[in-house]
Amino acid sequence: MLTERHNTIPLAVQIAVLLFLFITVITLLDLPINHSESQSLWVVDDTAPMWDVAPRDTLRGIRANVTDMLDRIPETGLPPVYFVVFDTWTMLFGETLFTARLLSVLATVGAIAVIIRVTSHFDRTNSRQQALIIASLLAIFPALTIHIYGVLLLCASIAALALINWCNQPQTTLFHALIYLLSLTITLLIAHVTVPMLLVHGLVAWRAQRLRYWGILFTLSLIIITPIMVIFAPSDTAILTSISALQTAVLAGLTVSLPFIVVVFTVKSRLLLPIFRYGSVGLIATISIVLILNKPDWQSTITEVDNLRDDTTPALSAIDPQSALAYYERQDARLSRGITVDVGWRVFTPDEIDTILNNMRRASSIWVILPEDDPNTAEIPQLLAQTRTSTYSQRFDGLHIQRFDLNG
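Let me sum up the structure you'll find in this document. The structure presented is a predicted model; accordingly, all values stated were derived computationally and were not measured.

Rules of the game
Numbers given for residues are sequential positions, taken from 1 along each chain in its written order. Since the coordinates come from a predicted model, pLDDT governs what is reported: local features require at least 70, and pairs of side-chain atoms require 80 or more to be given and counted, while whole-chain, interface and lining totals use all residues. Computation of side-chain values: all heavy atoms of the structure, hydrogens and water removed. Secondary structure counts use DSSP, requiring at least four H or I residues in a row for a helix and at least two E residues in a row for a strand, with both numbered from the N terminus. For each residue, the accessible area found with a 1.4 Å probe, counting protein chains only, is set against the maximum for its type, and the residue is called buried under 20%, exposed over 50%, and partly exposed in between. Cavity and pocket criteria rest on a 1 Å grid covering protein atoms alone: a 1.4 Å probe that fits but cannot get out defines a cavity, protein on both sides within 12 Å along at least 5 of 7 lines defines an open pocket, and an atom within 4 Å of a point defines a lining residue. Grid points are joined across faces, edges and corners, and a volume is the space filled by probe spheres set on the points. Amino acid classes used here: Ala, Val, Leu, Ile, Met, Phe, Trp, Tyr, Cys and Pro are nonpolar; Asp, Glu, Lys and Arg are charged; the rest, including Gly, are polar. At least two DSSP bridges between two strands are required for those strands to pair.

## Some remarks on unusual backbone geometry
And then number 1: Positive phi values are uncommon outside glycine, yet Gln209 reaches one of about 60°.
And then number 2: Position of Gln209 among the secondary structure elements: in the loop between α11 (200–207) and α12 (211–231).
And then number 3: By relative accessible area, Gln209 is classed as exposed at 73%.
And then number 4: Phi angles above zero are rare outside glycine, and Asp397 is one such case at about 55°.
And then number 5: Within the fold, Asp397 resides in the loop between β4 (388–396) and β5 (399–406).
And then number 6: A residue is classified by how much of its surface remains accessible, and Asp397, at 44% relative accessible area, is partly exposed.

## What about the layout of surface pockets?
Any space left empty among the atoms is revealed by the rolling of a water-sized probe across them.
And then number 1: Of the pockets and cavities examined, the largest pocket occupies roughly 780 Å³.
And then number 2: Surrounding the largest pocket, 25 residues form its lining, Ala318, Ile319, Asp320, Pro371 and Asp374 being those nearest its centre.
And then number 3: In the lining of the largest pocket, the residues fall into 11 nonpolar, 7 polar and 7 charged.

## Section: the pairing of strand β3 (residues 365–371)
And then number 1: In terms of burial, β3 is largely enclosed, as 6 of its 7 residues are buried.
And then number 2: Bridge analysis of strand β1 (residues 315–317) against β3 gives 3 bridges, and the strand direction is parallel. When the bridges of β3 are listed, Ser317 appears paired with Ile369.
And then number 3: Both β3 and β5 contribute to a ladder of 7 bridges, which runs antiparallel. Of the residues in β5, the one forming a bridge with Val368 is Gln402.

So, to be careful, I would describe these as geometric facts and stop short of saying anything about function.
Here's what the structure looks like:
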């Protein structure tokens, strides 16, 4: 008697197709960047030449750039591991947006493969296909974002798999315990704010009657990261950007929870109503796409202002080096070329600002590119408005771009 053979696509092929799709997206779509992405690119920005120079100068350039990177990390309020990985990646493959996103894509696709292994521990029959689809939809944001999330998801997924292996395979307890300790420590050194979300690992250990041993491993991990966190303590500037830090903390917490969310939505799906399960996955995927696409289109704004401004027209600017605008200016300086005075590199007194404006008094037009809520530069537009008329004004991503023309 002949039986019908059910052909399935090997998992490795499906993962390869998923990788191809993500690479196609970052290749074809000219995705803009937001502040967190530009911040990551700023941390690893290389100012010293490393290639096409003498070997001795190459080593000096690498040392200088690594030193700059380590000095900038406290400004982000994040631990150092991701930026060390990202900096190494950009040294080898360049700092283009494509290569920067490629790291996130590779890490996320690798994490999805690990998550499928996690789900197979709970259900070896038909969970792999569902886990692949659900994990792919939930991981859209980490895959297409130039920040900690892709690498964080990979490390958190490896930690989850090692934890489950440690709980289920007593014969290899020490090996999996060491793998878990290492991956958990690296996860915390990418985003220490994920400590509360990682406590779910304790629930897994408790169900396997290994809570006490898990507590020892978790404590060891915290002991290891403490001196590193002291060295890379957040700067006062990073602490002040509390809204951005809160957003990063929430997204990082969801990222490290993703392996267990996929398990709940696949293996434990009988506990959820289908409309809730599929609706939740669809909603998260939609929010991820909106977050990725709904970013300031700085390139269009730069082109517009560049077309309106003559290079001989003076400008006053205060551009945060961590901003998206600063990244685009590093690639192609269009707004900062010509006669431009940087009033953002230190705090200027009112008398100094008045002197700067007096030196420009004969200019028919003056451009200003200033933060909206910066008290150090807030009086500049007010002073210009006393003798000039604003003929161009655009608020964009926290900056106010204006042109002031002489009256009459």
